[in-house]
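A look at the structure
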Amino acid sequence: MTTLSPKTWPDWAKTIVRLALFGAACGVAGYGFGWLLATQIFPDAPPPSELNLRWSDILAFLVAAGMILGAAAMLIVSLNPRRLGRMYRLEGDASSTEAGQARLQSIVMGLSGVVLALPLIFSLTGVPPILGVVAIVLLLGLHTVLNLRVYRQADEMLRRLVLEAATLTFFLGQGLLFLWAVAERLGVAPPITAWDIYAVLMTFYLVVAVTVSARRGLA
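An account of the accompanying structure is given in this report. (Residues numbered from 1 in each chain as written. Predicted model: local features only at pLDDT ≥ 70, side-chain atom pairs only at ≥ 80, totals over all residues. Heavy atoms only, no water.)

Some remarks on the overall build of the chain
Short version of the rule: Helical segments are the DSSP runs of H or I of at least four residues, strand segments are the runs of E of at least two, and each set is numbered from the N terminus. The buried label goes to any residue with under 20% of its type's maximum accessible area, the exposed label to any with over 50%, and the partly exposed label to all in between, with areas taken from a 1.4 Å probe on protein chains only. Contact between two residues is taken to exist if any of their heavy atoms lie within 4.5 Å; hydrogens are not considered. Here the open area of atoms and residues is found with the Shrake-Rupley method and a 1.4 Å probe, where only the protein chains shown may cover a residue.
Secondary structure assignment for the chain yields seven helices and zero strands. The burial tally for the chain puts 28% of its 219 residues in the buried class. Considering only intrachain contacts with a sequence separation of at least 6, the fraction spanning at least 24 residues in the chain is 73%. Of the accessible surface of the chain, which amounts to about 14100 Å², a share of 69% is contributed by carbon and sulfur atoms.

Concerning the packing of aromatic side chains
To be explicit about the condition: Any two of the Phe, Tyr and Trp rings considered here, Trp counted by its six-membered ring, make a pair once their centres fall within 6.5 Å; the pair's planes then place it as stacked at under 30 degrees, edge-to-face at over 60, or tilted in between. Here, a charge over a ring means that NZ of Lys or CZ of Arg falls within 6 Å of the ring centre while also lying within 35 degrees of the ring normal.
Inspection of the entire model under this criterion finds one aromatic pair. With a centroid separation of 5.2 Å and 75° between ring planes, the pair formed by Phe170 and Phe171 is classed as edge-to-face. By relative accessible area, Phe171 is classed as exposed at 53%. In this structure, Arg159 packs its charged tip against the face of Tyr151, placed 5.2 Å from the ring centre.

A word on empty space enclosed by the protein
For the record, the criterion: Only protein atoms enter the 1 Å grid used here, on which a cavity is any set of points holding a 1.4 Å probe that cannot leave and a pocket is any open set flanked by protein within 12 Å on both sides along at least five of seven lines; residues with an atom within 4 Å of a point are listed as lining. Grid points are joined across faces, edges and corners, and a volume is the space filled by probe spheres set on the points. By the convention adopted, Pro, Cys, Tyr, Trp, Phe, Met, Ile, Leu, Val and Ala count as nonpolar, Lys, Arg, Asp and Glu as charged, and the other residues, Gly among them, as polar.
This model, assessed by the stated rule, comprises one cavity of 30 Å³ or more. Top element by residues in the lining of the largest cavity is helix 4 (residues 96-125). It accounts for three residues. Looking at side-chain class alone, the lining of the largest cavity contains three nonpolar, three polar and no charged residues.

Comments concerning the environment of Glu164
Along the chain, Glu164 turns up in helix 6 (residues 156-185). A C-alpha to C-alpha distance of 10.0 Å links Glu164 and Ser213, two positions 49 residues apart in sequence.

A word on the nonpolar core
This is how it is decided: We define a nonpolar core as any set of buried Ala, Val, Leu, Ile, Met, Phe, Trp, Tyr and Cys residues linked to one another through side-chain atoms lying within 4.5 Å.
Judged by nonpolar contacts, Ala60, Val63, Ala64, Met67, Leu116, Ala117, Ile121, Ala199, Met202, Leu206 and Val210 together constitute the single largest core of 11 residues. For this core, the elements supplying multiple residues, two or more each, are helix 2 (55-78), helix 4 and helix 7 (194-215). Setting aside chain neighbours within four positions, we find Met202 in contact with Val63, Met67 and Leu116. Ranked by size, the runner-up nonpolar core spans nine residues in total, among them Leu111, Leu118, Ile136 and Leu146.

Digging into the pattern of salt bridges
Inclusion rule: For salt bridges, the criterion is a side-chain nitrogen of Lys or Arg within 4 Å of an Asp or Glu carboxyl oxygen.
Under the counting rule described, the total for this entry stands at one salt bridge. Notably, a salt bridge pairs Arg54 with Asp196, separated by 2.3 Å at the nearest N-O pair. Within this pair, whereas Arg54 is found in the loop between helix 1 (11-41) and helix 2, its partner Asp196 is found in helix 7, the two being separated by 142 residues in sequence. Its relative accessible area of 36% is what places Arg54 among the partly exposed residues. With relative accessibility at 0%, the residue Asp196 sits in the buried group.

Some words on the packing of helix 4 against helix 5 (residues 129-153)
Definition in use: Between N-to-C directions, angles cover 0 to 180 degrees, with each direction set by a line fitted to C-alpha atoms, over the stretch in contact for helices. In what follows, roughly perpendicular refers to angles from 65 to 115 degrees, roughly parallel to angles under 35, roughly antiparallel to angles over 145, and oblique to any angle outside these ranges. Rotating anticlockwise by less than a right angle from the far helix to the near helix defines a left-handed crossing, while the corresponding clockwise rotation defines a right-handed one.
The interhelical angle for the contact between helix 4 and helix 5, taken along N-to-C directions, is 160°, at an axis separation of 9 Å. Between helix 4 and helix 5, the angle falls in the class roughly antiparallel. Handedness of the crossing formed by helix 4 with helix 5: left-handed. Of helix 5, the residues touching helix 4 (which contributes Gln101, Leu104, Gln105, Ile107, Val108, Leu111, Ser112, Val115, Leu118, Pro119 and Phe122) are Gly132, Ala135, Ile136, Leu139, Leu142, His143, Leu146, Asn147, Arg149, Val150 and Gln153. Counted by class, the contact of helix 4 with helix 5 contains 14 nonpolar, seven polar and one charged residues.

Structural data, given as structure tokens:
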């Protein structure tokens, strides 16, 4: 009787396992981040029952935690040239230039999570709306500059991954939004806000990006 080791599993099984592990890690990270905010950073905040949170708030918070967790993992890998070389499927160790690019990517990913989480944090902590908007605009500007720099420095494979993930997210998100808009117009679905749409869009993008990367052996 023979048994299959993880190395001999089919690609689709490896992808499912990676996604399951990533989802579990995001859940743990989101719970830990929430516990840290509630008990250490904002201990005097009102209880969750009084916060009037929407489903999109929780979804956005989990996606933000997943991005920050992924950024931390990539940053750790970038410190080891051998592991980074294996992740990029290089013949040997990663160079200092490739390590620098990986660290820049981790910064952009982590900043994406921070920008996504800040509107909810600002809302719950009573930050003046104008001050919150200005802070997010400045961070978004920095994020855009760094993101463009990452894309320009990326090799052909990474650019293809970015374009493939963006294209799939656009078509899947567009289709789902159209169906919901039809149902809403016909009165069989409740109206949704721009925040709801963006939370779902970022969730789609994260799932698609991880799936595309896993198919190419980069996740």
